[in-house]
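Okay, here's what each chain looks like letter by letter:
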Protein chains: 2
Amino acid sequence: MEHRHHVVILGGGFGGLAAAQSLKGAPVEATLIDRRNFHLFQPLLYQVAAGWLSPANIASTLRVALKRQKNARVLLAEATGIDVEKRQVILSDGQIDYNTLIVATGSQHHYFGNDRWRAIAPGLKTIEDATEIRRRIFLAFEAAERESDAARVEALLTFAIVGGGPTGVELAGALGEIAHDTLKHDFRAIDPSKTRIILIEGGARILPTYPEELSTKASTALKKLGVTVRVNALVSDISVDAVTVKQGESLERMPCHTVTWAAGVQASPLGRAVAKSSGAKVDRAGRLEVEPDLTIAGHPEIFVIGDLANYTHQTGKPLPGIAPVAMQQGRYVAKVIAARIKKDRIAPFHYRDRGAMAIVGRASAVADMGRLRFSGYFAWLAWLFVHLVNLIEFQNKVLVLVQWGWYYFSRNRAARLIVGGAGSKAACGEDAAGGNR
Amino acid sequence: MEHRHHVVILGGGFGGLAAAQSLKGAPVEATLIDRRNFHLFQPLLYQVAAGWLSPANIASTLRVALKRQKNARVLLAEATGIDVEKRQVILSDGQIDYNTLIVATGSQHHYFGNDRWRAIAPGLKTIEDATEIRRRIFLAFEAAERESDAARVEALLTFAIVGGGPTGVELAGALGEIAHDTLKHDFRAIDPSKTRIILIEGGARILPTYPEELSTKASTALKKLGVTVRVNALVSDISVDAVTVKQGESLERMPCHTVTWAAGVQASPLGRAVAKSSGAKVDRAGRLEVEPDLTIAGHPEIFVIGDLANYTHQTGKPLPGIAPVAMQQGRYVAKVIAARIKKDRIAPFHYRDRGAMAIVGRASAVADMGRLRFSGYFAWLAWLFVHLVNLIEFQNKVLVLVQWGWYYFSRNRAARLIVGGAGSKAACGEDAAGGNR
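Owing to the predicted nature of the structure, the values given are computational and were not obtained by experimental measurement. (Residues numbered from 1 in each chain as written. Chains lettered and ligands numbered in written order. Predicted model: local features only at pLDDT ≥ 70, side-chain atom pairs only at ≥ 80, totals over all residues.)

Notes on the overall build of chain A
Working step 1: Within chain A, the secondary structure is distributed over 13 helices and 25 strands.
Working step 2: In terms of overall dimensions, chain A is globule-like: its C-alpha atoms have a radius of gyration of 23 Å, near the 22 Å expected for 437 residues.
Working step 3: Taking the principal axes of its C-alpha atoms as reference, chain A extends roughly 70 × 50 × 45 Å.
Working step 4: In chain A, which comprises 437 residues, the proportion classed as buried is 53%.
Working step 5: Counted over contacts in chain A with a minimum sequence separation of 6, partners at least 24 positions apart contribute 63%. (Helix = DSSP H or I, 4+ residues; strand = E, 2+ residues; numbered from the N terminus. Rg over C-alpha atoms; globule rule 2.2 N^0.38 Å. Buried ≥ 20, exposed ≤ 12 C-beta atoms within 10 Å, placed from the backbone. Contact = placed C-beta atoms within 7 Å.)

Set out below in structure tokens:
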């Protein structure tokens, strides 16, 4: 075992896990390192935030995913840097040698220099983000139920989502359903259908990477769910009780207690550490520029894939930071590694774009499959199907299907637990009071 | 609405929720106050800790449980005391008037004066407790996988459970299965079947409230799962890396990284606040002594039910702190309140004991149904059935059934996420290092 070629993979997301699994059967030892013990199916994370699914439904233990693969092992550890000379990954509590390194540590939220917004307007990247956003959403309704001041009730029932990409659109749609369907009969003092949901997009239209007709359709679907879509609107300030929006020359301060950040992302900080040691070039978003075979210039033993890679050799522009790109890159890199051992060569990486989809509320979605663009009920069914089959564990496919089916017929979302946050003991006491301020 | 008799219920556990639901149709307004937004099915909490079920599977939103009951409302708030003169409940952020009060705030863990053990050896009462215990269990295996020192590996793979009641027995059984079945193929450096699980009971036998033959059967079943049962053993110290046990005259220090507390409980602190204002008598465990109709002496408008009540009028001893007692008391109190309004009288409360069951690993349980005592596979099926039908939401019945069925055939527990704790970012880095110390 010690003498086989050792591939170290940093990150168990879509790219890293695909690489590890594609190395099955290759004459190498693979070590997958992640600081979490699970792979997260991020495209469904907003459904955890909305109280529709439980965290475990969209997560698969990395050890289970690689259980039967004898040439792979998993280490729970945090990588802090690399040493290209020694061919070592530096961990927070040790180091590990590699022959080949695959860096796939993804991206994180970016607040464009306004880091104090981070605590007020959480983003949606991790399980903890999702349960925190869920907590804030449902606590806002609870605080409103107990509030007597009409203006404060209105502010508590105002939800702002910053960023009109797929995550922002999906979350806004989910909030629309929560307010108008799920909570309909739950409260005695407030009317949840009076909830205001504001989706704030800096550009000229939501879903900017989709064809314009689908942006328009998504906008229409969101309006039906009671969502106000504000385009060409920049967030100039976020505080605990308001969000300030700049549209053209006018500044508007909207009282609002719950803000979610779905705007900017930047590459994981490990990217800069890798650049420092390897001399790789970093773009403005912190991504590493890669060669046609996804290696770093001058370091054929280091691959960078997924959100962390800036790959421009196909279209002249970086490929989008989405799961299909990362997975295809993971599989490609595994092939290159196996080929090298056999002294074979492989053509440059080529991304096959199979389209994109976003869900806009119950029984409605938009899908862009190149020349085939569709929306509404069938796009929604296609969305459900694609996301269901892509969940890794069979058990989760069944559980998610049961919950989606249940929700479709009953309109009840069961996973509406308010947990964590200010601690179990005072979880509601402190926060409800906070909301009342 | 304002002029109807107002019943305030403190606590949405088995007692409080049963009382609220049983007041349906009564000419009263009911307000259920809880600091959490959900009712928790505590008997299955150990399965959340074991990574078998997700938190939402055993929780039901209180608002959903009372959605269709027009005379009931839910307030998310924390009660800190009462004022019997003003007939007011004092909340952490306000107060609320009552005509009749039902106090059902339950119990919490008790460390017999060793409160510093609380952080080292968490108990199993809340969702957060369960996910924290889950986190510690699976992190211990992860840390062991990375540890090179044999003695430390052994300490990391030693799990102690303090208290041989149903919770301790069920958790020990679950750990036995995790070590010998679930994790069998997951690790490369360690052999999880070498895990030591020690169940420490101060009395002469585990399951002390069950008939002796069932204690013996449970012991045998646990031994088959690799659990060491230590009876007549008192815990004299718990530290981060060891637990010290006193058996007779001998003191034994066992290196051990994961300790769970399933020993003592005491009444919720609200009990003493109620006693202070009402003059009610409090027993050593902090429970309030109640009259044959579950009211406090001299205060027919205040009922105390569930774990917080010390009811001795039936057997001379306090009734056990279990869900059936609390539920029957909740229903009884609702009847008394409805009867009083009609100027009727109701006989004293009488607990109907329908038996008790505890699960001891996969496909094995013990059941005590009075004269009918049984164990093994059929007791296990009975246990599954009783717990499944008692889950409140239909959706959860289906989800739990799918997961149990899945587990029965695949022996895989899917909900093994390590979340929270030291924060999402460093959840593993910091803790794995901590485990290595």
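Brief notes about the domain arrangement of chain A
Where the parts come together, the accessible area they lose is often given as the size of the interface.
Working step 1: Per the domain assignment, the segments making up chain A are domain 1 (5–35 + 77–106 + 268–341) and domain 2 (112–263 + 362–436).
Working step 2: On a C-alpha basis, the centres of domain 1 of chain A and domain 2 of chain A stand 33 Å from each other. (Domains from an automatic or database assignment.)

Considering the sheet that holds strand 25 (residues 372–376) of chain A
All names here are of chain A.
Working step 1: Spatially, the three strands line up as an open sheet ordered 23-24-25, and their pairing is antiparallel. Each edge of the open sheet is held by one strand with a lone partner, namely strand 23 (356–359) and strand 25. In this sheet, adjacent strand axes meet at a mean angle of 5° when their direction is disregarded.
Working step 2: Examined bridge by bridge, strand 23 and strand 24 (residues 365–369) share four bridges and lie antiparallel to one another. When the sheet's bridge partners are listed, A358 is paired in strand 24 with V366. (Pairing = 2+ DSSP bridges. Axes fitted to C-alpha atoms, helices over the stretch in contact; angles between N-to-C directions.)

Points about the sheet that holds strand 13 (residues 227–230) of chain B
Residues and elements named next belong to chain B.
Working step 1: Taken in spatial order, the four strands make up an open sheet running 13-12-11-17, and their pairing is parallel. The sheet is open, and its two edges are formed by strand 13 and strand 17 (258–261), each paired on a single side. The sheet shows a mean angle of 20° between the axes of neighbouring strands, direction not considered.
Working step 2: Sheet topology note: the strand 12 (residues 196–200)/strand 13 ladder contains four bridges and is parallel. What sits directly across from L199, in strand 13, is V229.
Working step 3: Running at roughly 175° to strand 12, helix 7 (residues 166–182) makes contact with strand 11 (158–162), strand 12, strand 13 and strand 17 of the sheet.

Looking at the relation of the copies chain B and chain A
Working step 1: Placing chain B over chain A gives an RMSD of 0.0 Å and needs a rotation angle of 180°, together with 0.0 Å of translation along the axis. Considering both components of the superposition, the chain copies are consistent with a two-fold axis.
Working step 2: Most of the interface of chain B is mirrored in chain A, where 100% of its interface residues again form contacts. (Least-squares fit on C-alpha atoms with pLDDT ≥ 70 in both.)

Some points on the packing of helix 1 (residues 14–22) of chain A against helix 10 (residues 323–341) of chain A
When two helices pack together, their arrangement is given by the angle between their axes and by how far apart the axes lie.
All names here are of chain A.
Working step 1: Where helix 1 contacts helix 10, the two axes come as close as 7 Å, and the packing angle between them is 30°. Looking at the two axes, helix 1 sits roughly parallel to helix 10. Helix 1 and helix 10 meet at a crossing whose hand is right-handed. Taking contact as the criterion, the partners of F14, G15, G16, A18, A19 and S22 in helix 1 are, on helix 10, A323, A326, M327, Q329, G330, R331, V333, A334 and K335.
Working step 2: Residues of the contact of helix 1 with helix 10, tallied by class, amount to eight nonpolar, five polar and two charged. (Parallel < 35°, antiparallel > 145°, perpendicular 65-115°, else oblique. Left-handed = near helix turned anticlockwise from the far one by under 90°. Nonpolar A, V, L, I, M, F, W, Y, C, P; charged D, E, K, R; others polar.)

A look at the packing of helix 12 (residues 394–410) of chain A against helix 12 (residues 394–410) of chain B
Working step 1: Relative to each other, helix 12 of chain A and helix 12 of chain B sit at 170°, their axes nearing to 10 Å. Classified by the angle their axes make, helix 12 of chain A and helix 12 of chain B are roughly antiparallel. For the crossing formed where helix 12 of chain A meets helix 12 of chain B, the hand is right-handed. Note on element contacts: helix 12 of chain B touches helix 12 of chain A through Q395(B), V398(B), L399(B), V402(B) and W406(B), opposite Q395(A), V398(A), L399(A), V402(A) and W406(A).
Working step 2: When its residues are assigned to classes, the contact of helix 12 of chain A with helix 12 of chain B shows eight nonpolar, two polar and no charged.

Structural notes on the pairing of strand 2 (residues 28–34) of chain A
Residue and element names in this part refer to chain A.
Working step 1: With six of seven residues buried, strand 2 is to be regarded as a mostly interior element.
Working step 2: Alignment of strand 1 (residues 5–10) against strand 2, held across six bridges, turns out to be parallel. In the sheet register, H6 faces strand 2, and the bridge partner there is E29.
Working step 3: Regarding the hand of the β-α-β motif, the stretch spanning strand 1, helix 1 and strand 2 is right-handed. (Right-handed = clockwise from strand over helix to strand, strands pointing away.)

A few points about the interface of chain B and chain A
Working step 1: Counting from both sides, the interface comprises 51 residues of chain B and, opposite them, 51 residues of chain A.
Working step 2: Within the residue set of the side of chain B that touches chain A, elements represented by two or more residues are strand 4 (59–61), helix 3 (62–65), strand 5 (72–76), helix 5 (127–146), helix 12 and helix 13 (427–436) of chain B.

As for helix 9 (residues 270–278) of chain A
Turn by turn, an α-helix covers 3.6 residues, leaving residues three or four places apart pointing in a common direction.
Residue and element names in this part refer to chain A.
Working step 1: Those residues of helix 9 that fall on the buried side of the exposure criterion are L270, G271, V274, A275 and S278. Down the axis, helix 9 shows its buried residues gathered within 140° of arc, on one side only.
Working step 2: Taken from the residues just after helix 9, G279 is the one with a positive phi, measuring 80°. (Arc of directions from axis to C-beta.)

Focus on the confidence of the model for chain A
Residues and elements named next belong to chain A.
Working step 1: Of all residues in chain A, 95% have pLDDT values of 70 or greater, and the mean over the chain is 90.
Working step 2: The low-confidence segment residues 422–437 (pLDDT under 50) makes 41 contacts with residues lying over four places distant or belonging to another chain.
Working step 3: Of the two predicted TM-score estimates for the complex, the pTM is 0.89 and the ipTM is 0.85. (pLDDT = per-residue confidence, 0-100.)

A word on the environment of Y407(B)
Working step 1: Note that Y407(B) resides in helix 12.
Working step 2: Distance in space between the C-alpha atoms of Y407(B) and A382(B) is 17 Å, their sequence separation being 25 residues.

Details of the environment of G165(B)
All names here are of chain B.
Working step 1: Following the sequence through the fold, G165 ends up in the loop between strand 11 and helix 7.
Working step 2: Once the C-alpha coordinates of G165 and L207 are considered, the two residues, 42 residues apart in sequence, prove to be 4.7 Å apart.
Working step 3: For G165, the residues in contact, after removing those within four places along its chain, are L207 and A262.

Points about unusual backbone geometry
Working step 1: The phi angle at L294(A) is positive, at roughly 70°, despite the residue not being glycine.
Working step 2: For L294(A), a count of 24 C-beta atoms within 10 Å gives the class buried.
Working step 3: One non-glycine residue, K343(B), adopts positive backbone phi at about 60°.
Working step 4: In this fold, K343(B) is placed in the loop between helix 10 (323–341) and strand 23 (356–359).
Working step 5: Judged by local crowding, K343(B) falls into the exposed class, with 6 C-beta atoms found within 10 Å.

Quick notes on helix 1 (residues 14–22) of chain B
Working step 1: Among the nine residues of helix 1 of chain B, seven are classified as buried, and the element is accordingly described as predominantly covered.
Working step 2: Regarding helix 1 of chain B, the residues found buried are F14(B), G15(B), G16(B), L17(B), A18(B), A19(B) and A20(B).

Comments concerning the environment of I337(B)
Residue and element names in this part refer to chain B.
Working step 1: Secondary-structure assignment places I337 in helix 10.
Working step 2: Given 24 C-beta atoms within a 10 Å radius, I337 is considered buried.
Working step 3: For I337, the contacting residues outside a window of four places in its chain are V7, L23, A26, V28 and T100.

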